[in-house]
Structure formats: structure tokens, C-alpha cells
Amino acid sequence: MASTSDLGELEVELTRLLRRARSAQQRTAAEVHPDLDSAGYVVLVAVRDLAATGGGARGGDISDLLGLHKSTTSRNLTTLEELGLVERILDPADARARQVRLTTAGSDALDRTLAGRRERLRARLEGWEAKDVTDLARLLRLLNDTAP
């Protein structure tokens, strides 16, 4: 088990990382659309991830994935629809229900923004050894997989 001082140092560095990530997420959201906030960006990415197999994503599944109340998800989806980033489609499994999927404009904007984000990350890690990048990814995966 790690020492108390090691855990304290880890907590400080994770806090710094999360603070910077929140700031970067807001900038990334604005790159997708100037009126998109970070909460909407998170929902947009969830729509993309859940609808990756084709079709759309159900609002309840988005809420479950993100740990959001359904009303919060619904408000974010309405905003995303108003911005032209998602569209509502019929749910093939239930004609009374709707799903959401990215519009072409939403998909293009998200792809362009994610490519830029990856390029910024590549530039930031340019001086790193490949093994260090691999180790960081492995350790972050371990941390994420053991999180509640």
C-alpha cells in the first residue's frame, strides 16, 4: 500500500489534472459550437459513443452512462438539437419512443475537434518515451477500471 505522503502527492496531481481537464473541456466544447457548454459536450460525446453501432441512442441510456437525472439529459439534448448537432429519430424497437443521433454537422464538428484535441495531446507528449505514454495509459485504465 502507498504511504500517506505518496497518496497526498497523487491527490494533488490528480486535482491539478482534473482542473486542467475541466478548463480544456470547456474550450473543446466551444470548438464544436460557440454556444455549446461543457455539460452539453459530454452529452454529445455520449450520443456518439452509444450510437456508434448505427441508429441512435436512448435518453435513458445517456443518463445512465453519465449518471445524470433524465431531466438534465433531456435539457441538454434539446439544446444540442437546437444547435443542430443532434436529431431525434424513431426508435426502431418502440415506435412510441425516440432516439437521438449526431447530425452530419454534429459529427463533422466533433470529429474535427477531437482530431485537434489529439494533436494537442501529441504535441504535449512529444518529448516522452513511447513506453512512458503506454505506461500512463495503462495506469489510467487501471485507475478508471477500479473506480466506483
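Predicted model only: the values in this text are computed from it and were never measured.

1. Regarding the pairing of strand S1 (residues 86-91)
Right, so step 1: Sheet topology places S1 next to strand S2 (residues 94-102); 6 bridges connect them, and they run antiparallel. Across the sheet, Arg-88 pairs through a bridge with Val-100, a residue of S2.
Right, so step 2: Counting the residues in the hairpin turn of S1 and S2 gives 2 residues.

2. Digging into the nonpolar core
Right, so step 1: By size, the foremost hydrophobic cluster in this structure holds 22 residues, and its most contacted members are Leu-36 and Leu-44.
Right, so step 2: Where this core is concerned, the elements lending two or more residues are helix H1 (4-32), helix H2 (38-50), helix H4 (70-82), S2 and helix H5 (104-124).
Right, so step 3: When residues of this core are assigned to their parent elements, the largest contribution, 6 residues, is made by H2.
Right, so step 4: In this structure, Leu-36 is in contact with Gln-26, Ala-29, Ala-30, Tyr-41, Leu-44, Leu-80, Leu-83 and Leu-85, ignoring residues within four places of it in sequence.

3. Side note on the layout of surface pockets
A probe as big as a water molecule, rolled over the atoms, marks out the empty space that is left.
Right, so step 1: Here the largest pocket is characterised by a volume of approximately 2,000 Å³.
Right, so step 2: Breaking the lining of the largest pocket down by element, the ones donating at least two residues are H1, H2, H5 and helix H6 (130-145).
Right, so step 3: The greatest single-element share of the lining of the largest pocket, amounting to 13 residues, is contributed by H1.
Right, so step 4: Class assignment for the residues of the lining of the largest pocket results in 20 nonpolar, 3 polar and 10 charged.

4. Some words on the packing of H1 against H2
Right, so step 1: Relative to each other, H1 and H2 sit at 70°, their axes nearing to 8 Å. Comparing their axes, H2 and H1 come out roughly perpendicular. Residue-level inspection shows Gln-25, Gln-26, Thr-28, Ala-29 and Val-32 of H1 in contact with H2, the latter providing Ser-38, Tyr-41, Val-42 and Leu-44.
Right, so step 2: Tallied by class, the residues present in the contact of H1 with H2 amount to 5 nonpolar, 4 polar and no charged.

Parameters and conventions
- Residues numbered from 1 in each chain as written.
- Predicted model: local features only at pLDDT ≥ 70, side-chain atom pairs only at ≥ 80, totals over all residues.
- Heavy atoms only, no water.
- Pairing = 2+ DSSP bridges.
- Helix = DSSP H or I, 4+ residues; strand = E, 2+ residues; numbered from the N terminus.
- Core = buried A, V, L, I, M, F, W, Y, C linked by side-chain atoms within 4.5 Å.
- Buried < 20%, exposed > 50% of the residue type's maximum accessible area, 1.4 Å probe, protein only.
- Contact = heavy atoms within 4.5 Å.
- 1 Å grid on protein atoms, 1.4 Å probe; cavity = no way out; pocket = protein on both sides within 12 Å on 5 of 7 lines; lining within 4 Å.
- Points joined across faces, edges and corners; volume = space filled by probe spheres on them.
- Nonpolar A, V, L, I, M, F, W, Y, C, P; charged D, E, K, R; others polar.
- Axes fitted to C-alpha atoms, helices over the stretch in contact; angles between N-to-C directions.
- Parallel < 35°, antiparallel > 145°, perpendicular 65-115°, else oblique.

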